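Reading the structure
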Amino acid sequence: MRTPLLLATGLTTIAILSGAAAPSSAVTTRAEPVTLKYSWSPDRPLLYRLTQQTDADMSGVPGQGDVHLSQSQTMRLRLDVANVAPDGAATIRTTVEAVQFEMTPPAGEKVEYDSEAGQGLAPDPGEERHPAATAMAAFVGESFTFEIAPDGDVRNVQGMDAILRKISDQVGDPAMEEMFRGKFADSAMESMLEQAFKLLPDRPVEAGETWQTSLDQTVPSLGTLRIENTMTFERAEPADGGGQIARIPITISTTLDRTGVDDSELPEGTTISLEDSAGRGLLAFDIDRGELKLLEMTSRLPMRLTMTMGDEEVNIKQDVTSTVKFERLDQPSQPRPAPDAPPADD
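Since the structure is predicted, the reported quantities are computational estimates derived from the model, not experimental observations. (Residues numbered from 1 in each chain as written. Predicted model: local features only at pLDDT ≥ 70, side-chain atom pairs only at ≥ 80, totals over all residues. Heavy atoms only, no water.)

The next point concerns the overall build of the protein. A count of helical and extended segments in the protein gives five helices and 14 strands. Per-residue burial for the protein yields a buried fraction of 50% across its 346 residues. Accessible surface, the protein as shown: approximately 16000 Å² in total, 46% of it carbon and sulfur. (Helix = DSSP H or I, 4+ residues; strand = E, 2+ residues; numbered from the N terminus. Buried < 20%, exposed > 50% of the residue type's maximum accessible area, 1.4 Å probe, protein only. Areas by Shrake-Rupley, 256 points an atom, 1.4 Å probe, with all protein chains shown as cover.)

See the structure below:
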């Protein structure tokens, strides 16, 4: 039978992207409609820091106390524009320049890795390096490409599968390999990138106007998460160095569809549900340069699993809070640890 802890671990791969507020002085509310779309240039490489923080708490497992799992990872990414088509679509080459990783498992010691500090790479003689640190180290210096339309539609991700083969060769841990494949395969990366980039409206918008986007994400053993985002163009604010930044609050709703999920390894009569998932975020977009400046989203996923073991009904509760921050860097800088995720609205 698949243990509840494996289900919990699978949820930690859910990534929901996030970012911080733009400057708040001299606010301008544009009276005329504003067109928000990406603009790419081969002579304008972009540097971003992507920080993902996941905290999972589980209770009700027979024979165990409350369980907590925490994981954070930070990547510094360089985006080089290889080509821009006449319609504005661009081919982007993304290179992982640096990685920080920290994991606190339910049992055992904390795992840490920092590519720039060398932490976690060279264990003492006789010690084995944790497979998670080995896997994260495999990303450093590697590249992948993707195509992106002016509206943020992402397609044709290539290169992640090659990185995963490298991880497979170096890690030698089937469970760890499967976890990374579920999160970083070409198809999974396409979904992750669209969560970050495909949030812009398909029409000019005025202050106060809203629009929606949706995305389906398959999670092994659980089903399909449908993520509904509602964005509101709140106002435009002055940008450092000129131009204006669009401030766009986001509300998030997530539902779970378990149609077609194979529960044969679970006890008969087991039910899994997602209760009152909610989240929020903020998008800061450079209107004049057509650049994503900051995106921050936090989502809480309270899962409930009910099963019968012998004559006893077991109710397992699991709360997963995910925060991801995607921020534009003006100058290269060392990745910093992920901040604590703000509390989600009940």
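Moving on from the coordinates now.
The next subject is helix α4 (residues 174-184). Within the sequence span of α4, burial applies to Met176, Phe180, Lys183 and Phe184. Looking down the long axis of α4, one finds its buried residues gathered within 75° of arc, a one-sided arrangement. Away from its buried face by more than 90 degrees, α4 exposes Pro174, Ala175 and Glu178. Each element contacted by the buried residues of α4 is listed here: β1 (46-59), β2 (67-84), α2 (131-137), α3 (160-171) and α5 (186-197). (Arc of directions from axis to C-beta. Contact = heavy atoms within 4.5 Å.)

Across the two faces of strand β7 (residues 210-219) the burial differs, with Trp211, Thr213, Leu215, Gln217 and Val219 buried and Thr210, Gln212, Ser214, Asp216 and Thr218 not buried at all. Bridge count for β7 against strand β8 (residues 223-232) is ten bridges, and the pairing is antiparallel. Across the sheet, the residue bridging to glutamine 212 is threonine 230, located in β8. Linking two consecutive strands that pair antiparallel, namely β7 and β8, is a turn of three residues; a positive phi of about 75° is found at serine 221 within it. (Pairing = 2+ DSSP bridges.)

With that out of the way, let us pick up the nonpolar core. Counting residues in each nonpolar core, the largest one holds 83 residues, and the members touching the most others are Leu36, Phe139, Phe146 and Phe197. Per-element accounting of this core gives the leading share, seven residues, to strand β13 (residues 291-309). In contact with phenylalanine 146, other than residues within four places in its own chain, are Leu79, Ala90, Thr91, Ile92, Thr94, Val154, Arg155, Asn156, Val157, Leu193 and Phe197. (Core = buried A, V, L, I, M, F, W, Y, C linked by side-chain atoms within 4.5 Å.)

The packing of two helices is summarised by the inter-axis angle and the distance between the axes. In the contact formed by α3 and α4, the axes pass within 10 Å of each other and the chain directions differ by 170°. By the angle class used here, α3 and α4 are roughly antiparallel. Across the interface between the two elements, Met160, Asp161, Leu164, Arg165, Ile167, Ser168 and Val171 from α3 touch Met176, Glu177, Phe180, Arg181 and Phe184 from α4. Here the contact of α3 with α4 is composed, by residue class, of seven nonpolar, one polar and four charged. (Axes fitted to C-alpha atoms, helices over the stretch in contact; angles between N-to-C directions. Parallel < 35°, antiparallel > 145°, perpendicular 65-115°, else oblique. Nonpolar A, V, L, I, M, F, W, Y, C, P; charged D, E, K, R; others polar.)

Now for the packing of aromatic side chains. This structure, assessed with the given rule, holds nine aromatic pairs. Each ring, one from phenylalanine 197 and one from phenylalanine 326, has its centre 5.9 Å from the other, and the planes form 85°; the classification is edge-to-face. One end of the pair, phenylalanine 197, is in helix α5; the other, phenylalanine 326, is in strand β14 (residues 312-329), with 129 residues separating them in the sequence. Pair check on accessibility: phenylalanine 197 and phenylalanine 326 agree, each one buried. (Phe/Tyr/Trp six-rings, centres within 6.5 Å; stacked < 30°, edge-to-face > 60°.)

Within this structure, the stated rule accounts for six cavities of 30 Å³ or more. Taken as a whole, the largest cavity spans an internal volume of roughly 200 Å³. Lining of the largest cavity is provided by 21 residues; of these, Leu50, Leu77, Phe144, Met189 and Leu193 occupy positions nearest its centre. Among the elements that make up the lining of the largest cavity, the one with the highest residue count is α5 (five residues). (1 Å grid on protein atoms, 1.4 Å probe; cavity = no way out; pocket = protein on both sides within 12 Å on 5 of 7 lines; lining within 4 Å. Points joined across faces, edges and corners; volume = space filled by probe spheres on them.)

It is worth spelling out α5 at this point. An ideal rise of 1.5 Å per residue puts 16 Å on twelve residues; α5 measures up with 16 Å between its terminal C-alpha atoms. Summarising burial for α5: ten of the twelve residues are buried, a large majority. Within α5, the full set of buried residues consists of Asp186, Ala188, Met189, Ser191, Met192, Leu193, Glu194, Gln195, Ala196 and Phe197. (Expected span 1.5 Å × (residues − 1).)

This paragraph deals with unusual backbone geometry. Not every positive phi belongs to a glycine, and asparagine 156 is a case in point at roughly 55°. Judged by relative accessible area, asparagine 156 falls into the partly exposed class, the value being 37%.

In this fold, aspartate 286 is placed in strand β12 (residues 278-286). For the buried aspartate 286, which has no salt bridge, the nearest side chain bearing the opposite charge is arginine 289, at an N-O separation of 4.4 Å. Aside from chain neighbours lying at most four places away, what touches aspartate 286 is Gln244, Ile245, Glu291 and Lys293. (Lys, Arg positive; Asp, Glu negative; His and termini not counted. Salt bridge = Lys/Arg side-chain N within 4 Å of Asp/Glu carboxyl O.)

The next point concerns the environment of leucine 193. Summarising the element assignment, leucine 193 is placed in helix α5. You can call leucine 193 buried: its relative accessible area is 11%. With 36 residues separating them along the chain, leucine 193 and valine 157 place their C-alpha atoms 9.5 Å apart. Beyond its immediate sequence surroundings of up to four residues, leucine 193 is in contact with Phe144, Phe146, Val154, Val157 and Lys198.

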